Amino acid sequence: MSSNFVYVTYIRTTPEKLWDALTKPEFTKQYWFGFHQDCEWTKGSSWKLVSGDGMVADTGEVLEIDPPSRLVLKWRNEFRPELKADGYTRCTFAVERLGELVKLTITHEADDAHKMIAAVSQGWPQILSSLKSLLETGHALPRPDTLPKG
Amino acid sequence: MSTSKFVYVTYIRTTPEKLFDALRNPEFTRQFWSETWQDCEWKKGSPWKLMIPDGRIGDTGEVLEFDAPRRFAVSWQNEFKPEMKAEGPSRATFELEPMGDTVKLTVTHEMDRENSKLIEGVSGGWPPLLASLKSLLETGDALEMTKKWPEGV
C-alpha cells in the first residue's frame, strides 16, 4: 500500500525567491531546524540533508529539477534505523506563480507503507510555516526545543 | 465507521488570544476568509452560520465545544451546494497550542462518510484561507486571493 503526505501553502513571494529559499543553505539553515542540503542541484546529483552539527540525516539524489518550478528528490533517512530500513521515499516540490503569490505543494510519498511518511507529516508543517514567515517577514519562526520525530 | 477527514497544521507568530479572536471576529474573517463572517454567540450549543457577503447562508451548524482560547468545534452543514447539503453535517475542530512566541493551529474537518464531497471541497479551501490568516497576523495584510468572495460561486 502506498503512503503519502501532501502539504499546500501560499506565500507572498516570487517563484525565484522561493526556489532560492528551498535550495540555498543560508536560507534553509534559518527555517529548517538548522539543516542545509549538500547538493549540486543537477539531475542525478547526490543529495544530503545535513544538520547544524554536521550529522548526515538523510541522503538521496535529484530525480528531476526544473528551476524555479519543480524539484523531485529520492530521499532516505540515515539516522533512525527503523526509518532507514523502510528504504527510499520520494519528495516533490511544485512551485506555481499565482499573481502576487506562489503556491507551494510538497508531496512526500512512498510506494509501500513507510514509517518515514508519518514522521515527515509532523515536520513539514513546522518547516514550511517557518519558510513562509521568513519570506514574508524576513524572520523565520523560532526553532522548537526538540526536533520533531524524523 | 468509514470517514472522510482533512487535517491542516500551521504555526503562526502570534498569541492564542489573538488567533482565537481572528478565527471568529468578522473584522478579521472578512479579510482572510473571502469576505465571509460567522453569525454566532460562541457558547456551547449556540447556532452557528457562515454568512456569504451577498447575504446567502453558506453553512449552518452549532457550537459543539468552546474553550477559549484553546479549542472550539462546530457542526457544519453546507447550505448552498445541493450535493454537499445532502451529505448532512460535518465537524470542524480548531485547536490552538502555544509554543514559545508562536501558536500551533490544527484544523480538522471530518465527516462520518466515505468520499465526502464537502470534505473534498474544504480540503482545497482551508490551505489558502489558513495561509492568508497567517499572513494577516504576521504582516497585517491578508493574501489578495482570499480578500474577495469568488465570482459566480
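Residues numbered from 1 in each chain as written. Chains lettered and ligands numbered in written order. Predicted model: local features only at pLDDT ≥ 70, side-chain atom pairs only at ≥ 80, totals over all residues. Heavy atoms only, no water.

## As for the overall build of chain A
Looking only at helices and strands, chain A has four helices and seven strands in total. Here chain A has a C-alpha radius of gyration of 15 Å; the compact-globule value for 150 residues is 15 Å, and the two agree. C-alpha extents for chain A along the principal axes are approximately 40 × 30 × 30 Å. Looking at chain A as a whole, 50% of its 150 residues are labelled buried. Counting contacts in chain A only where the partners sit at least 6 residues apart, residues at least 24 apart contribute 50% of the total. In the structure as shown, chain A presents an accessible area of about 6,900 Å², 49% of it carried by carbon and sulfur atoms. (Helix = DSSP H or I, 4+ residues; strand = E, 2+ residues; numbered from the N terminus. Rg over C-alpha atoms; globule rule 2.2 N^0.38 Å. Buried < 20%, exposed > 50% of the residue type's maximum accessible area, 1.4 Å probe, protein only. Contact = heavy atoms within 4.5 Å. Areas by Shrake-Rupley, 256 points an atom, 1.4 Å probe, with all protein chains shown as cover.)

## A look at the environment of B:Pro69
Residue and element names in this part refer to chain B. On the secondary structure map, proline 69 appears in the loop between β4 (57-67) and β5 (71-78). For proline 69, a relative accessible area of 18% puts it in the buried group. Along the chain, proline 69 and isoleucine 12 lie 57 residues apart, while their C-alpha atoms are 15 Å from each other. With near-sequence residues (within four places) excluded, proline 69 lies in contact with Pro16, Glu17, Phe20 and Leu96.

## Focus on the packing of aromatic side chains
Under the defined criterion, the tally for this structure stands at 22 aromatic pairs over all chains. Ring geometry for A:Tyr31 versus A:Trp32: centroids 6.3 Å apart, planes at 25 degrees, classification stacked. Among the residues examined, A:Tyr31 registers a relative accessible area of 3% and is labelled buried. Measuring from centroid to centroid gives 6.4 Å for B:Phe66 and B:Phe72, while their planes differ by 50 degrees, and the two rings are tilted. (Phe/Tyr/Trp six-rings, centres within 6.5 Å; stacked < 30°, edge-to-face > 60°.)

## Here we look at the sheet that holds strand β1 (residues 4-12) of chain B
Residue and element names in this part refer to chain B. Ordered in space as β1-β7-β6-β5-β4-β3-β2, the seven strands form an open sheet in which the pairing is antiparallel. Single-partner strands in this sheet number two, and they are β1 and β2 (37-40). Strand-to-strand, the axes of this sheet are offset by a mean angle of 25 degrees, without reference to chain direction. (Pairing = 2+ DSSP bridges. Axes fitted to C-alpha atoms, helices over the stretch in contact; angles between N-to-C directions.)

## Some words on the interface of chain B and chain A
Interface size is often expressed as the accessible area that is lost when the parts come together. Listed as interface residues are 19 residues of chain B and, on the opposing side, 18 residues of chain A. Around 1,600 Å² of area is buried between chain B and chain A when both sides are counted, 58% of it from carbon and sulfur atoms. Of all residues in chain B, the largest losses of buried area upon contact with chain A belong to B:Tyr11, B:Arg13 and B:Leu143, amounting jointly to 29% of the total for that side. Connecting chain B to chain A are 17 residue pairs in polar contact (both at pLDDT 80 or more). Breaking the side of chain B that touches chain A down by element, the ones donating at least two residues are β1 and α4 (117-139) of chain B. Tallied by class, the residues present in the side of chain B that touches chain A amount to nine nonpolar, four polar and six charged. (Buried area = accessible area lost by both parts, 1.4 Å probe. Polar contact = N/O pair within 3.5 Å; in protein donor to acceptor, adjacent residues only side chain to side chain. Nonpolar A, V, L, I, M, F, W, Y, C, P; charged D, E, K, R; others polar.)

## Some thoughts on the nonpolar core
Counting 72 residues, the largest nonpolar core has A:Trp32, A:Trp75, A:Trp124, A:Leu131, B:Trp76, B:Trp126 and B:Leu133 as the members making the most contacts within it. With nine residues, helix α4 (residues 115-137) of chain A is the largest single contributor of residues to this core. Judged by nonpolar contacts, the second largest core, of five residues, contains A:Tyr10, A:Leu101, B:Ala131 and B:Leu143. (Core = buried A, V, L, I, M, F, W, Y, C linked by side-chain atoms within 4.5 Å.)

## Notes on the pairing of strand β2 (residues 36-39) of chain A
Residues and elements named next belong to chain A. Here β2 runs beside strand β3 (residues 46-50); their pairing, made up of four bridges, is antiparallel. When the sheet's bridge partners are listed, glutamine 37 is paired in β3 with leucine 49. Linking two consecutive strands that pair antiparallel, namely β2 and β3, is a turn of six residues; a positive phi of about 55 degrees is found at tryptophan 41 within it.

## Considerations on the sheet that holds strand β4 (residues 56-66) of chain A
Residue and element names in this part refer to chain A. If you trace the seven strands from one edge of the open sheet to the other, you get β1-β7-β6-β5-β4-β3-β2, paired in antiparallel fashion. At either margin of the open sheet sits one strand with a lone partner, and together these are β1 (3-11) and β2. Looking at each pair of strands side by side, their axes are set apart by 25 degrees on average, direction ignored.

## Regarding the pattern of salt bridges
Per the stated rule, a full pass over the model turns up 21 salt bridges over all chains. Close ionic contact of A:Glu78 with A:Arg76 constitutes a salt bridge, the shortest N to O distance being 3.0 Å. Taking the relative accessible area as the measure of exposure, A:Arg76 reaches 22% and is therefore partly exposed. We note a salt bridge from B:Glu41 to B:Lys43, for which the minimum N-O separation is 3.7 Å. Several salt bridges share partner residues, and in doing so they unite A:Arg12, A:Glu100, B:Asp141, B:Glu144 and B:Lys147 into one network. (Salt bridge = Lys/Arg side-chain N within 4 Å of Asp/Glu carboxyl O.)

So far we have only geometry, and geometry alone does not tell us how the molecule works.
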